[in-house]
Amino acid sequence: NHIVHNGGLYKRPFNEDFEETPMLVAVLTYVGYGVLTLFGYLRDFMRQWKIEKCQNATEREEQKDFVPLYQDFENFYNRNLYMRIRDSWNRPICSVPGAKVDMMERVSHDYNWTFTYTGRVIKDIINMGSYNYLGFAQKAGTCQEAAAKVLSQYGAGVCSTRQEMGNLDKHEELEKLVARFLGVESAMAYGMGFATNSMNIPALVGKGCLILSDELNHASLVLGARLSGATIRIFKHNNMQSLEKLLKDAIVHGQPRTRRPWKKILILVEGIYSMEGSIVRLPEVIALKKKYKSYLYLDEAHSIGALGPTGRGVVEYFGLSPEDVDVMMGTFTKSFGAAGGYIGGKKELIDYLRTYSHSAVYATSLSPPVVEQIITSMKCIMGEDGTTVGKARVQQLAENTRYFRRRLKEMGFIIYGNEDSPVVPLMLYMPAKIGAFGREMLKRNIGVVVVGFPATPIIESRARFCLSAAHTKEMLDTALKEINEVGDLLQLKYSRHRLVPLLDRPFDETTYEETED
């Protein structure tokens, strides 16, 4: 349990918990995967001899002598392990992904290879999986009305890039607003969050540069780093000793063989890590960045809107200056209920990216109604709509997060991450419990996301809850009651450090003011 108090860099308590996997659970998890793997090889043997029908992708007969296309471990895993629990993913919903959703019922008659729809819609499922942190995914209200008005004026698509005929006045307005919201000189918006990372990192670094990347960074950051052609070195998750060692080695030894100094050193981190629920140790990262004269790229996809007293993200959460972060990246897909991403920073940086970023030069501009959704929701968070609704939503999310995390820990589950992170991983470990947990929760009208390999290490399967300001206390209590029941049914209460329940206190007491005190 990593607890950092005001050690000079931190202005508030920083509590993170990553309880160690019990030895028996780890052994049984490996045994479970071993049994599944053995049965997988047996079934592959039966498919090869036409004893069992083969439904997976295979090479044509004339390709048999070629280098195999479908023989890697991931394909074996998909065929024999993932397919058993495939019904836990890609579930089709047919409503706004708000606090509650409607889901189309489907069944499989061939062990999850194909699905058919029954025509029935499961109504009012409590949505614990969408990244709707501030509750702006809604079909009514000021955001929806503003987007509908812009749709009637501008249409749905732009049909051009920003550099040609796709630069609307709405895009200019959005970028000025984002810069003001972040407290930076300039900003640029992109049509896709993933591409904001994967296409901009190659524009910032190249051959002769060094990227220091957290081992748990998102796939978009990993892809961007690989596409850049820069040398990549990985440091342990949120481990400042590991990062500092890599920085020291990079400066002392320089580039391999030539020993020339690196052209640039770029540190890649996320605000909130979407699988761990942890928050970056930003004060320490910035201190190291300044000490070793490197650059910092901060991905705030999950933290913008969700952290800080006014939703300005992890920089505000720690009381730091935006000027200390060289590249501030984030997405509009989560807290703002829209689509796309942004990069903020110095004017020189943004002007450079407008010319050299593949996302800026070749990608179609953001859709006008989506832009208006972002503008309206961002103004609401900033209080520029003349109400306090935005601030209330940020406060509500913080209260929901602390309440939900505390209750799960009291029940005896192993919960990962920071106490202020709205991403709440509940550890399942064993492969059979991944599908079982998702199915049992759906039976009880709770929609959850379960996660396994390759999104997590193979023995660290988990359920991931994403809290929202739109969740009421009644919804959370209903979800907690069902989670507790399913936890007993599937024997998921692995924690050896069960919290003693606190005395009853008002639900809305856990606020930023309280933690500052």
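Just so it is clear, the structure is predicted and the values come from calculations on it, not from any experiment.

### A short note on the packing of helix 3 (residues 142–154) against helix 12 (residues 368–382)
Stage number 1. Here helix 3 crosses helix 12 at 150°, and the two axes come no closer than 8 Å. Every pair of crossing elements has a handedness; the one defined by helix 3 and helix 12 is right-handed. From helix 3, Thr-142, Cys-143, Gln-144, Ala-146, Ala-147, Val-150, Leu-151 and Tyr-154 reach across to helix 12, where they touch Pro-368, Pro-369, Glu-372, Gln-373, Thr-376 and Ser-377.

### Quick word on the sheet that holds strand 9 (residues 295–299)
Stage number 1. Across the sheet, 7 strands lie side by side as 5-11-10-9-8-6-7; this open sheet has mixed pairing. If you trace the sheet from one side to the other, it starts and ends with strand 5 (186–190) and strand 7 (231–235), each paired once. Neighbour-to-neighbour, the strand axes of the sheet open up by a mean angle of 20°, direction not taken into account.
Stage number 2. Relative to strand 9, strand 8 (residues 265–270) runs parallel, the two sharing 5 bridges. Counterpart to Ile-267 in the pairing with strand 9 is Leu-296.
Stage number 3. Here helix 7 (residues 240–253) sits on the sheet in contact with strand 6 (210–214), strand 7 and strand 8, set at roughly 150° to strand 7.

### Quick look at the packing of aromatic side chains
Stage number 1. Summed over all chains, the structure comprises 17 aromatic pairs.
Stage number 2. For the ring pair Phe-45 and Trp-49, a centre distance of 6.3 Å and an interplane angle of 50° mean the geometry is tilted.
Stage number 3. On the basis of relative accessible area, Trp-49 is assigned to the exposed category, the value being 58%.
Stage number 4. Between Tyr-77 and Phe-453, the ring centres sit 5.0 Å apart and the planes meet at 70°, which makes this aromatic pair edge-to-face. Pair noted here: Tyr-77 is in helix 2 (residues 73–80) and Phe-453 is in the loop between strand 15 (449–451) and strand 16 (461–466), with a separation of 376 residues, a long-range link. The pair formed by Tyr-77 and Phe-453 is uniform in burial state, with each residue classed as buried.
Stage number 5. An aromatic cluster is present here, built from Tyr-10, Phe-14, Tyr-317 and Phe-318 joined pairwise through their rings.
Stage number 6. The ring centre of Phe-115 lies 4.1 Å from the NZ or CZ of Arg-106, which sits over that ring.

### Examining the side chain of Ser-278
Stage number 1. Summarising the element assignment, Ser-278 is placed in the loop between strand 8 and helix 8 (282–291).
Stage number 2. Those residues in contact with Ser-278 that lie beyond four places of it in its chain are Glu-16, Phe-18, His-237, Asn-238, Gly-271, Ile-272, Tyr-273, Gly-417 and Asn-418.

### Examining the sheet that holds strand 16
Stage number 1. Taken in spatial order, the 3 strands make up an open sheet running 13-16-15, and their pairing is antiparallel. Two strands bound the open sheet, and with one partner strand each, they are strand 13 (423–429) and strand 15. For this sheet the average axis-to-axis angle between neighbouring strands, irrespective of direction, equals 30°.
Stage number 2. Across 3 bridges, the pairing between strand 15 and strand 16 is antiparallel. The residue bridging Val-449 from the neighbouring strand is Arg-464, located in strand 16.
Stage number 3. The strands touched by helix 14 (residues 431–443) within the sheet are strand 13, strand 15 and strand 16, with strand 13 carrying the most contacts at an inclination of about 130°.

### A word on the side chain of Gln-255
Stage number 1. Tracing the sequence through the fold places Gln-255 in the loop between helix 7 and strand 8.
Stage number 2. Overall, Gln-255 belongs to the buried group, its relative accessible area being 17%.
Stage number 3. Reaching out from Gln-255, the side chain makes a polar contact with the backbone oxygen of Pro-261 at a distance of 3.1 Å.
Stage number 4. Those residues in contact with Gln-255 that sit more than four places away from it in its chain are Gly-208, Arg-260, Pro-261, Trp-262 and Lys-263.

### Concerning the domain arrangement of the protein chain
Stage number 1. Domains assigned within the protein chain are domain 1 (19–127 + 388–496) and domain 2 (142–382).
Stage number 2. Spacing between the C-alpha centres of domain 1 and domain 2 amounts to 29 Å.
Stage number 3. Facing 19 residues of domain 1, the contacting portion of domain 2 comprises 19 residues.
Stage number 4. In this assembly, domain 1 packs against domain 2 so that about 1,400 Å² is buried in total across both faces, 60% of it on carbon and sulfur atoms.
Stage number 5. On inspection of domain 1 and its partner domain 2, the count reaches 1 salt bridge.
Stage number 6. The partner of Glu-276 in a salt bridge is Arg-462, with the nearest N and O atoms 2.9 Å apart.
Stage number 7. The interface formed by domain 1 and domain 2 holds 7 residue pairs in polar contact (both at pLDDT 80 or more) in total.

### Let's talk about unusual backbone geometry
Stage number 1. Of note, the phi angle at Asn-90 is positive, near 55°, even though the residue is not glycine.
Stage number 2. For Asn-90, the position within the fold is in the loop between helix 2 and strand 3 (100–107).
Stage number 3. Unlike most non-glycine residues, Tyr-111 shows phi in positive territory, near 60°.
Stage number 4. Following the sequence through the fold, Tyr-111 ends up in the loop between strand 3 and strand 4 (116–127).

### Focus on the confidence of the model for the protein chain
Stage number 1. Of all residues in the protein chain, 93% attain a pLDDT of 70 or more, and the chain-wide mean is 91.
Stage number 2. Low pLDDT (under 50) marks residues 1–6, which in the prediction has 18 contacts with non-local residues, meaning those over four places away or in another chain.
Stage number 3. Counting contacts from residues 502–517, a segment whose pLDDT is below 50, to residues more than four positions away or on other chains yields 32 contacts.

### Notes on the UniProt feature "domain: Aminotransferase class I/classII large" (unreviewed entry) in the protein chain
Stage number 1. Under the local residue numbering, the UniProt record ascribes the feature "domain: Aminotransferase class I/classII large" (unreviewed entry) to residues 123–483.
Stage number 2. Structurally, residues 123–483 is divided into 43% helix and 17% strand, and its ends, taken at the C-alpha atoms, are 19 Å apart.

### Regarding a nonpolar patch on the surface
Stage number 1. Among the surface-exposed residues, Met-23, Val-27, Val-31, Val-35, Phe-39, Leu-42, Phe-45, Trp-49 and Ile-51 lie close enough to one another that they form a single nonpolar patch of about 940 Å² accessible area.
Stage number 2. In this fold, Leu-42 is placed in helix 1 (residues 23–48).
Stage number 3. On the basis of relative accessible area, Leu-42 is assigned to the partly exposed category, the value being 43%.

Conventions we followed
- Residues numbered from 1 in each chain as written.
- Predicted model: local features only at pLDDT ≥ 70, side-chain atom pairs only at ≥ 80, totals over all residues.
- Heavy atoms only, no water.
- Axes fitted to C-alpha atoms, helices over the stretch in contact; angles between N-to-C directions.
- Helix = DSSP H or I, 4+ residues; strand = E, 2+ residues; numbered from the N terminus.
- Left-handed = near helix turned anticlockwise from the far one by under 90°.
- Contact = heavy atoms within 4.5 Å.
- Pairing = 2+ DSSP bridges.
- Phe/Tyr/Trp six-rings, centres within 6.5 Å; stacked < 30°, edge-to-face > 60°.
- Buried < 20%, exposed > 50% of the residue type's maximum accessible area, 1.4 Å probe, protein only.
- Lys NZ or Arg CZ within 6 Å of the ring centre and 35° of its normal.
- Polar contact = N/O pair within 3.5 Å; in protein donor to acceptor, adjacent residues only side chain to side chain.
- Domains from an automatic or database assignment.
- Buried area = accessible area lost by both parts, 1.4 Å probe.
- Salt bridge = Lys/Arg side-chain N within 4 Å of Asp/Glu carboxyl O.
- pLDDT = per-residue confidence, 0-100.
- UniProt positions renumbered as here; feature names shortened; annotations may be inferred.
- Patch = residues over 30% accessible without salt bridge, like charges linked within 9 Å, V, L, I, M, F, W, Y side chains within 5 Å.
- Areas by Shrake-Rupley, 256 points an atom, 1.4 Å probe, with all protein chains shown as cover.

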